[in-house]
Amino acid sequence: MSIYDYSVTKPNGEEVSLKEFEGKVILIVNTATGCGFTPHYKDLEAMYEEFHDKGLEIIDIPCNQFAGQTPGTDEEIHEFCTLKYHTKFPQMKKSDVNGENALPLYQYLKSKQGFKGFGHGPAGIALSAMLKKIDKDYKNNPEIKWNFTKFLVDRNGEVAARFEPTASMKDVKANVEKLL
């Protein structure tokens with residue numbers, strides 16, 4: 001299987017095959033509207049505006065699995081993102097990224113790029129402490145740990161990198177640029 005064998009669903013129910021993005025650099029992000037990392041939308045939109053014409057696609061998949069931080073309907077989420085952050089990149093239907101109802105795409109992404117840690121900054125330390133209470137073995141499984149985990153896919157469809165929400169958006173951007 002390759003990334004191009006998967007699809008995602010738009011809020012209107014329309015299936016979007018990732019084959020449509022073949023030959024492009026893709027950043028796939030599970031997002032939330034009420035999270036401390038929600039301001040990542042600003043950096044994501046800036047990247048999209050700067051690099052979309054050079055071949056970058058961003059796929060926004062809202063997810064409510066982490067502390068219920070995406071409680072709205074697909075329409076409410078879209079309205080929030082477009083009004084507050086002026087997002088123009090494709091936003092998909094709110095979906096699960098972990099568990100029995102996880103999108104098959106996310107099972108694939110996690111199999112290609114596992115969890116490598118949150119780093120040593122304050123946000124990383126806080127997330128680690130919180131997750132230890134929920135799952136003592138969280139470091140040893142590939143599950144998505146929080147909102148705004150990002151997967152970077154190169155032009156050949158290879159999952160090139162995984163960025164936890166604590167990763168610097170400057171690092172994410174630099175890695176995107178290398179693949180363009």
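As a reminder, the structure under discussion sits directly above these lines.
Everything quoted here is computed from the prediction, not taken from an experiment.

A. A look at the sheet that holds strand 3 (residues 25-31). Read from one edge of the open sheet, four strands run 4-3-5-6, paired in mixed fashion. Single-partner strands in this sheet number two, and they are strand 4 (56-62) and strand 6 (159-163). Taking each pair of neighbouring strands and ignoring which way they run, the sheet shows an average axis angle of 15°. Against the sheet, helix 1 (residues 40-51) engages strand 3, strand 4 and strand 5 (150-153), with an angle of about 150° to strand 4.

B. Region of the structure containing the pattern of salt bridges. Tallied over the full model, the rule gives nine salt bridges. Residue E14 pairs with K10 through a salt bridge whose shortest N-O separation is 3.7 Å. With relative accessibility at 39%, the residue E14 sits in the partly exposed group. What makes K10 partly exposed here is its relative accessible area of 30%. Here K88 makes a salt bridge to E45, at a shortest N to O gap of 3.8 Å. One end of the pair, K88, is in the loop between helix 2 (74-84) and helix 3 (104-112); the other, E45, is in helix 1, with 43 residues separating them in the sequence. Exposure remark for E45: the relative accessible area of 3% places this residue in the buried category.

C. Looking closely at helix 2. Considered for burial, the residues of helix 2 that qualify are D74, I77 and C81. Projected onto a plane normal to the axis of helix 2, the buried residues spread over an arc of 65° and lie on a single side. Set apart from the buried face of helix 2 by more than 90 degrees, the exposed residues are E75, L83 and K84. In this structure, the buried side of helix 2 is in contact with helix 1 and strand 4. Within two residues after helix 2, H86 carries a phi angle of roughly 55°, on the positive side.

D. A look at the layout of surface pockets. Considering only enclosed or pocket space, the largest pocket measures out at about 170 Å³ in volume. Lining the largest pocket are 13 residues, with F66, L131, I134, I144 and K145 positioned closest to its centre. When the residues that make up the lining of the largest pocket are grouped by side-chain class, the tally is seven nonpolar, three polar and three charged.

E. Broad picture of the packing of helix 1 against helix 5 (residues 169-179). Interhelical geometry of helix 1 versus helix 5 gives an angle of 20° and a closest axis separation of 11 Å. By the angle class used here, helix 1 and helix 5 are roughly parallel. For the crossing formed where helix 1 meets helix 5, the hand is right-handed. Judged by residue contacts, H40, D43, L44, M47, E50 and F51 of helix 1 engage M169, V172, K173, V176 and E177 from helix 5. In terms of residue class, the contact of helix 1 with helix 5 is made up of six nonpolar, one polar and four charged.

F. Structural context of the pairing of strand 4. Burial of strand 4 is extensive: seven of the seven residues sit out of reach of the surface. Side chains of strand 4 alternate between two faces, with L56, I58, D60 and P62 and E57, I59 and I61 buried alike. Where strand 3 and strand 4 come together, seven bridges link them in parallel fashion. Each residue of the ladder has a partner; that of I28, found in strand 4, is I59.

The rules behind these values
- Residues numbered from 1 in each chain as written.
- Predicted model: local features only at pLDDT ≥ 70, side-chain atom pairs only at ≥ 80, totals over all residues.
- Heavy atoms only, no water.
- Pairing = 2+ DSSP bridges.
- Helix = DSSP H or I, 4+ residues; strand = E, 2+ residues; numbered from the N terminus.
- Axes fitted to C-alpha atoms, helices over the stretch in contact; angles between N-to-C directions.
- Contact = heavy atoms within 4.5 Å.
- Salt bridge = Lys/Arg side-chain N within 4 Å of Asp/Glu carboxyl O.
- Buried < 20%, exposed > 50% of the residue type's maximum accessible area, 1.4 Å probe, protein only.
- Arc of directions from axis to C-beta.
- 1 Å grid on protein atoms, 1.4 Å probe; cavity = no way out; pocket = protein on both sides within 12 Å on 5 of 7 lines; lining within 4 Å.
- Points joined across faces, edges and corners; volume = space filled by probe spheres on them.
- Nonpolar A, V, L, I, M, F, W, Y, C, P; charged D, E, K, R; others polar.
- Parallel < 35°, antiparallel > 145°, perpendicular 65-115°, else oblique.
- Left-handed = near helix turned anticlockwise from the far one by under 90°.

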